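A look at the structure
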Amino acid sequence: MKNVPNILTTIRIILVPLFLVFAFTTFTEYNLYIAFGLFVLGALTDFLDGYIARKYNLVSNIGKFLDPIADKILMLAGLLVLLYIQFMYEVFPFAFTYVTIISIFIILARDYMVDVIRQISSSRGHVIPADIFGKLKTFVQDIAVPMIIFYFALVINSGFAIDGFIFIYGIISYSLFLVGVVLTIFSGINYFVKNREIFKQE
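Summary of the structure given here. (Residues numbered from 1 in each chain as written. Predicted model: local features only at pLDDT ≥ 70, side-chain atom pairs only at ≥ 80, totals over all residues. Heavy atoms only, no water.)

**Describing the nonpolar core**
Within soluble globular proteins, side chains that are nonpolar tend to cluster in buried spots. Residues Phe19, Leu79, Leu82, Val145, Tyr151, Phe152 and Phe177 are the most contacted members of the largest nonpolar core, which totals 36 residues. At the level of elements, helix H1 (4–24), helix H2 (31–55), helix H3 (61–89), helix H4 (95–123), helix H5 (132–157) and helix H6 (164–194) are the ones that each hand at least two residues to this core. By residue number, the principal contributor to this core is H5, which donates ten residues. Filtering out sequence-adjacent residues up to four positions away, Tyr151 remains in contact with Val91, Phe92, Ile162, Ile166, Tyr169 and Gly170. Within the second largest apolar cluster, five residues are counted, among which are Val114, Ile117, Tyr191 and Ile198. (Core = buried A, V, L, I, M, F, W, Y, C linked by side-chain atoms within 4.5 Å. Buried < 20%, exposed > 50% of the residue type's maximum accessible area, 1.4 Å probe, protein only. Helix = DSSP H or I, 4+ residues; strand = E, 2+ residues; numbered from the N terminus. Contact = heavy atoms within 4.5 Å.)

Dropping the structure here:
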């Protein structure tokens, strides 16, 4: 039982290359649907490994190391797929491509900043736990990214015949993604403000 969270984390890492293979290839018309399912499965393992580790007090050092790496790899893969498909097919108006690029930069910059703060804090014997805003932005991103991938699959497999449902679904998906970006900015600022004393020390 004590190895279950780490096994789930490892599964999430293994799912990433499979996800990319199906997202970047077209050997079946269902590739994007399969990629969508793999991303959702990876996001579910993220929820499950954390839940099991906390409920049964199975938190381990290897888990603390692997879990955030697995999360970042999965999300980065998802963001790259969004950008790739938008460039290839221009599913959204082209202006959305620039918004997506800026959003990805914000997400990566925030994660890098938080990692730096945590590493400095850890070197001084203090562990900074994830706060509610960080968890919330991860939750929203884990929903928004696969929703957009599913939207891409619907549009491409319908021959770009976008009906009312697909159009509304696309707007909702991308709006949720932008909400995740706003939460990313807010959580990054919150981390910096709460831990600003770190930068005042030697």
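Continuing now.
**Notes on the environment of Lys72**
Positionally, Lys72 belongs in helix H3. Lys72 sits 41 residues away from Asn31 along the chain, and the two C-alpha atoms are 23 Å apart. Each residue touching Lys72, except ones within four places of it in the same chain, is listed here: Asp111 and Asp115.

**Let's talk about unusual backbone geometry**
Of note, the phi angle at Glu90 is positive, near 50°, even though the residue is not glycine. Along the polypeptide, Glu90 turns up in the loop between H3 and H4. The backbone of Phe160 sits at a positive phi, close to 65°, despite the residue not being glycine. Position of Phe160 relative to the elements: it lies in the loop between H5 and H6. Take Phe160: its relative accessible area is 38%, and that puts it in the partly exposed class.

**Quick notes on the layout of surface pockets**
Approximately 200 Å³ is the volume found for the second largest pocket. Thr25, Thr26, Leu32, Tyr89 and Ile156 are, among the 16 residues lining the second largest pocket, the residues nearest its centre. Put simply, the parts of the chain that give the lining of the second largest pocket at least two residues each are H1, H2, H3 and H5. Per element, the largest residue contribution to the lining of the second largest pocket is four residues, and it comes from H3. For the lining of the second largest pocket, a count of residues per class yields ten nonpolar, five polar and one charged. (1 Å grid on protein atoms, 1.4 Å probe; cavity = no way out; pocket = protein on both sides within 12 Å on 5 of 7 lines; lining within 4 Å. Points joined across faces, edges and corners; volume = space filled by probe spheres on them. Nonpolar A, V, L, I, M, F, W, Y, C, P; charged D, E, K, R; others polar.)

**A few points about the pattern of salt bridges**
Side chains carrying opposite charge are able to pair once their charged atoms draw close together. For the structure shown, the criterion picks out seven salt bridges. Between Asp71 and Arg12 there is a salt bridge, with its nearest N and O atoms 3.0 Å apart. You can see Asp71 sitting in helix H3 and its partner Arg12 sitting in helix H1, a full 59 residues away along the chain. With a relative accessible area of 22%, Asp71 lands in the partly exposed category. Accessibility expressed as a relative area gives 0% for Arg12, which makes it buried. Salt bridges here are not isolated pairs; linked through shared partners, they connect Arg12, Asp46, Asp49, Asp67 and Asp71. (Salt bridge = Lys/Arg side-chain N within 4 Å of Asp/Glu carboxyl O.)

**Focus: the packing of aromatic side chains**
Tallied over the full model, the rule gives 19 aromatic pairs. Taken together, a centroid distance of 6.5 Å and an interplanar angle of 45° make the contact between Tyr30 and Tyr33 tilted. We classify Tyr33 as partly exposed; its relative accessible area is 25%. An angle of 75° between the planes, with centres 4.8 Å apart, marks the rings of Phe133 and Phe186 as edge-to-face. You can see Phe133 sitting in helix H5 and its partner Phe186 sitting in helix H6, a full 53 residues away along the chain. Under the relative-accessibility criterion, Phe133 is labelled partly exposed at 29%. Ring-pair connections join several aromatic residues into one group, and the members of that group are Tyr30, Tyr33, Phe36, Phe92, Phe96, Phe150, Tyr151, Phe152, Phe165, Tyr169, Tyr174 and Phe177. (Phe/Tyr/Trp six-rings, centres within 6.5 Å; stacked < 30°, edge-to-face > 60°.)

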